[in-house]
Every structure is written in C-alpha cells, then in structure tokens.
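Architecture at a glance
Below, each chain spelled out in residue letters.
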Number of protein chains: 2
Amino acid sequence: MDIIKVSARSRSSSVAGAIAGIMRERHYAEVQSIGADAVNQSIKAIAIAHGYLREDGIAVACIPVFTNVDIEALERTAVRFIVWVVDEASLPEALLAPLPDEA
Amino acid sequence: MDIIKVSARSRSSSVAGAIAGIMRERHYAEVQSIGADAVNQSIKAIAIAHGYLREDGIAVACIPVFTNVDIEALERTAVRFIVWVVDEASLPEALLAPLPDEA
C-alpha cells in the first residue's frame, strides 16, 4: 500500500486529487504528514477530496493515528490519516450540504 | 450545539477528554480551529479521543470542512471537524489495533 506523503509545501488541491483518485479505485487511502504545517495541508486536502468524492456518491471518513518514523536516523512522530469509505446514510447532516450542482 | 474551539495553546489531552465526553453522550461533535498550529492540536486530540472511545466500543470518524468565521471584524477560514459515530464493522484494519488491555 502506497502512503500519500504530504509536506508543508504540498499543494492541497494536488493532494486532494491524489486522495480522490485512490479512494475511487481502492476505497481506502493513507495520508501521512510530520509537523503542524504538513498536517494542515493534509487536512485541507482531505476536506477538498471529501467534496470531490461526494459528487461521485462516495462518502468518506478519516481518523488520524500517530506513528513513529525514522528520518535521517531521528525518530519523529508522524500523523497518519486513515481514509475509508462509509455508508452515505451514516453521514451527519453537517456533511450533507447541497452538492455544487444542486445549489 | 456547542462547538469545541481549539487554539494553538489548547492541550490536546484535555480537548480529547472533552471530545470523548461529548461523543459518549451525543454521538456527535464539532471541533473548530483556525491556523495550522490549532488544526494540529485538534488532530492530536481527535487521535487520542479515538483511542479512548475505542476502549468503550464506540467507533468514530471525522471529516474536516471549511467554514468562514468573523474574528474582530476580519473574516478568517476555520477548519471544522465533524465527528460522528460509525458502525464498528466499517472500520478499516489499520484502526483495529489491539486495545491496550488486549495487548
């Protein structure tokens, strides 16, 4: 399983496209980032990907988990976002905003 | 509905306790933060709360959405995390790590 690695300099729209593509194909993705700025880019990307996938009738959810990674012999704590597909009927009202072409 | 507001200086363990408490009671929560450091604290708190709630047999998921808020007459973009309960059977394997008392 490839992990989508997101840095502070990653473009959130590009990462969103990558997440959406993998979710359409495999219904599962992992997105990893280290540091607040990279986590922020990941979150923006997941928010955008959620919108893309809603338009395709795919409801996604995520949960962040901590994981240790070695970078240049130093152990760092990374945040890994587990992204998976959930039943659309389980989505709360706040996520059921009209789709762009319904607005 | 109260929104849990998280700043860059919020303690993630305290926020995690607040999220877990609200989720046990209402099965739904909203967590809002502005800026990368505050988003990072929110994410840490959600990761910790996920662990707490798993021990109680409650499976949660979240999705970030953008929202505009006025702060001192300036419009800022906040990230609001919608947190809800999902069927435990829908959880991917990566979230089914042994619970502490099973390890």
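Here the residue numbering is sequential within each chain, running from 1 through the sequence in written order. Written order decides the labels, with chains lettered from A and ligands numbered from 1. It should be noted that, the model being predicted, local features are given only for residues of pLDDT at least 70 and side-chain atom pairs only at 80 or more, the latter also being counted only at that level, while totals for whole chains, interfaces and linings use all residues. Side-chain calculation: all heavy atoms of the structure are included, whereas hydrogens and water are not.

**Points about helix α1 (residues 12–26) of chain A**
All names here are of chain A. For α1, built from 15 residues, the straight-helix expectation of 21 Å at 1.5 Å per residue is met to within 8% by its first-to-last C-alpha distance of 21 Å. Relative accessible area decides the class of each residue, using a 1.4 Å probe on protein chains only: under 20% of the type maximum gives buried, over 50% gives exposed, and in between gives partly exposed. Here a strand is any run of E in DSSP of at least two residues, a helix any run of H or I of at least four, and the numbering for each starts at the N terminus. Every buried residue of α1 is accounted for by Ser12, Val15, Ala16, Ile19, Ala20, Ile22 and Met23. Phi turns positive one or two residues past the end of α1, at His27, with a value near 60°. Between the first and last residue of a helix there are one fewer steps than residues, each counted as 1.5 Å, and that sum is the expected span.

**Observations concerning the nonpolar core**
By convention a nonpolar core is built from buried Ala, Val, Leu, Ile, Met, Phe, Trp, Tyr and Cys residues, the set being connected through side-chain atoms within 4.5 Å. Ranked by size, the top nonpolar core spans 62 residues in total, and within it Ile19(A), Phe81(A), Val83(A), Trp84(A), Ile19(B), Phe81(B) and Trp84(B) carry the most contacts. Not counting the four nearest positions on each side in its chain, Ile19(A) is found in contact with Ile4(A), Val31(A), Ala45(A), Ile46(A) and Ala49(A). Two residues qualify as a contact provided that any one of their heavy atoms is within 4.5 Å of a heavy atom in the partner residue.

**Structural notes on helix α2 (residues 36–55) of chain B**
Residues and elements named next belong to chain B. With 20 residues, α2 extends 29 Å from end C-alpha to end C-alpha; this agrees with the ideal 28 Å at 1.5 Å per step. For α2, a buried count of 14 out of 20 residues is recorded, marking the element as mostly surrounded by other parts of the structure. Backbone geometry just downstream of α2 places Gly57 in the positive-phi region, at approximately 75°.

**What about the interface of chain A and chain B?**
With 29 residues of chain A at the interface, the matching set in chain B holds 29 residues. With both sides pooled, the region where chain A packs onto chain B buries about 2,300 Å², and carbon together with sulfur makes up 83% of that total. Under this definition, polar contacts are N or O atom pairs within 3.5 Å; protein pairs additionally need one hydrogen-donor-capable and one acceptor-capable atom, and for neighbouring residues in sequence, both atoms have to be side-chain atoms. Run the count over chain A and chain B and you get 3 residue pairs in polar contact (both at pLDDT 80 or more). Looking at the side of chain A that touches chain B, the elements with two or more residues in it are β2 (28–33), α2 (36–55), β3 (59–71) and β4 (74–86) of chain A. When residues in the side of chain A that touches chain B are grouped by element, the largest group, 10 residues, is from α2(A). Once two parts are put together, the accessible area they lose, assessed with a 1.4 Å probe and summed over both, is termed the buried area.

**Section: the state of the cysteines**
Defined by distance alone, a disulfide is two cysteine sulfur atoms within 2.5 Å. Following the criterion strictly, the structure yields 0 disulfides over all chains and no others. The thiol of Cys62(A) is not disulfide-bonded; the next cysteine sulfur, from Cys62(B), is found 3.9 Å away.

**What about the relation of the copies chain A and chain B?**
Least-squares superposition aligns the copies on the C-alpha atoms of those residues with pLDDT at or above 70 in both. Rotating chain A by 180° and translating it 0.0 Å along the rotation axis places it on chain B, where the RMSD comes to 0.0 Å. Viewed as a symmetry operation, the transformation between the two copies matches a two-fold axis. Mapped onto chain B, 100% of the interface residues of chain A again fall at the interface, so both copies present the same surface.

**Re the pattern of salt bridges**
Residue and element names in this part refer to chain B. A pairing counts as a salt bridge when a side-chain nitrogen of Lys or Arg comes within 4 Å of a carboxyl oxygen of Asp or Glu. Scanning all chains against the criterion turns up 6 salt bridges over all chains. With a closest N to O distance of 2.5 Å, Arg24 and Asp56 form a salt bridge. Here Asp56 lies in the loop between α2 and β3 (59–71) and Arg24 lies in helix α1 (residues 12–26), a separation of 32 residues in the sequence. Residue classification places Arg24 among the partly exposed positions, given a relative accessible area of 42%. The salt bridge partner of Arg54 is Glu88, with a shortest N-O separation of 2.7 Å. Of this pair, Arg54 sits in helix α2 while Glu88 is found in the segment after β4 (74–86), placing the two residues 34 residues apart along the sequence. Taking the relative accessible area as the measure of exposure, Glu88 reaches 34% and is therefore partly exposed.

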